[in-house]
Amino acid sequence: MTRQALIIDCDPGVDDAVALMLAFGSEAFELLAITAVGGNVPVVKTARNARILRQIAGREDVPVFMGADRPLRREPAGAGEFHGAEGLGDMAPFEPDAPCADGHAADAIIALVMARPAKSVALAVLGPLTNLALALRREPALAGRLGPVAVMGGARSEGGNITASAEFNIWADPDAAAEVLATGCDVILFGLDATHQVRATGERIAALEAVGKPMADAAASMMRFSQRIEREIVGWDAPPLHDPCPVAWLLEPALFTLQPCRVSVETDSDLTRGHTAVEFREAVAGTLPHRWAIAADADGIFALIADAVR
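The following refers to the structure shown.

Definitions and cut-offs
- Residues numbered from 1 in each chain as written.
- Predicted model: local features only at pLDDT ≥ 70, side-chain atom pairs only at ≥ 80, totals over all residues.
- Heavy atoms only, no water.
- Salt bridge = Lys/Arg side-chain N within 4 Å of Asp/Glu carboxyl O.
- Helix = DSSP H or I, 4+ residues; strand = E, 2+ residues; numbered from the N terminus.
- Buried < 20%, exposed > 50% of the residue type's maximum accessible area, 1.4 Å probe, protein only.
- Phe/Tyr/Trp six-rings, centres within 6.5 Å; stacked < 30°, edge-to-face > 60°.
- Lys NZ or Arg CZ within 6 Å of the ring centre and 35° of its normal.
- Contact = heavy atoms within 4.5 Å.

So, on to the pattern of salt bridges. For the structure shown, the criterion picks out 17 salt bridges. One salt bridge in this structure joins aspartate 175 and arginine 74, with 2.8 Å as the shortest N-O distance. Of this pair, aspartate 175 sits in helix H8 (residues 174-181) while arginine 74 sits in the loop between strand S3 (64-66) and helix H3 (80-83), and the two are 101 residues apart along the sequence. For arginine 74, a relative accessible area of 12% translates into the label buried. Put simply, aspartate 107 and arginine 138 hold a salt bridge, and the shortest N to O gap is 3.0 Å. With aspartate 107 in helix H4 (residues 105-114) and arginine 138 in helix H5 (residues 130-138), this pair connects stretches of sequence that are 31 residues apart. Look at arginine 138 and you get partly exposed, because its relative accessible area is 41%. Residues joined by salt bridges that share partners form a network here, namely Lys45, Arg48 and Glu86.

Right, dumping it as structure tokens:
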């Protein structure tokens, strides 16, 4: 079997944690690196959390690189109310055995992608796009070398989750998102329109708890925390599982319906900061260089997660 070479750029984060468990447990991936960015919590915590999750999964073979600690030109903004102060929900953090790898995440992305055949390395971006924007600034040729860039970010018909029209990852660093979308990278966006269809119901969480393995326990714990917090803050019984969607698409593209589009990001207005304007009309947009997820098969995605954590 030919495995997909993959880098995961993330800001763990409870749903990032589930996405990492999905990737760690999937033999279809050659997981080259985890790169951490500041987002849900500060980067020193996201890098630590990535290493904690790596240790739980027994995947110390995968290097973790620390990246940007702040957006390109904004003040950092976190989402600890949805992820816990440490970013891991109810899990007590600890100092992992293995440290971060040397070097900045942006430089690691450049080195790993440029050393491989063109279009052979996929990138899953599960947090703000700051690390990728910095990498593209440092090496513009990266845009033509990257394989698919599967991004959890954006909102259209569902509205936003941080403002009325903006999703958190894009809102946190809209300038980085706008730069990445303008480079010619093959960007596929999994926004709230699709991720809100993937819900961690009590039945689905219980099925993971029944597996009785460390990776399954960690994933289920994250979902239980999200279930409680979403009930308290939003009033939902089943929280959406955002970040596993790009990873699941790389494993099983048929689980999603994508539509060609052009996505632009609002960077100037405070009122609509991070709004993703998704244009499906080629007559209006000219070309449609991006793809937007409009539907997701939740049962299929949870089946992938269950298989991975066993």
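After that view of the structure, there is still more to cover.
A word on the packing of aromatic side chains. Geometry of an aromatic ring pair is reported as the spacing of the ring centres plus the angle between the planes. The final tally for this structure, using the stated rule, is three aromatic pairs. Pairing phenylalanine 190 with tryptophan 249 gives two aromatic rings, centres 5.9 Å apart and planes at 50°, and the pair type is tilted. Taken together, the residues span a long stretch of sequence, with phenylalanine 190 in strand S6 (residues 187-190) and tryptophan 249 in helix H12 (residues 244-251) at a distance of 59 residues. For the residue pair phenylalanine 190 and tryptophan 249, the accessibility class agrees, reading buried in each case. A centroid spacing of 5.2 Å and a plane angle of 80° characterise the contact between phenylalanine 190 and phenylalanine 256, whose relative ring orientation is edge-to-face. On the criterion of sequence distance, the pair formed by phenylalanine 190 in strand S6 and phenylalanine 256 in strand S7 (residues 256-265) is long-range, its members being 66 residues apart. Of the two residues, phenylalanine 190 and phenylalanine 256, both sit in the buried class. In textbook terms, an aromatic cluster arises when at least three aromatic residues are bridged by ring pairs, as seen for Phe190, Trp249 and Phe256. The lysine or arginine in question, arginine 199, covers the ring of tryptophan 236, its NZ or CZ lying 4.2 Å from the ring centre.

Bringing H8 into the picture now. Burial analysis of H8 places six of its eight residues in the buried class, the great majority of the element. Taken together, the buried positions of H8 are Pro174, Asp175, Ala176, Ala177, Val180 and Leu181. The inward-facing, buried residues of H8 contact H5, helix H7 (168-172), S6, S7 and strand S9 (290-296).

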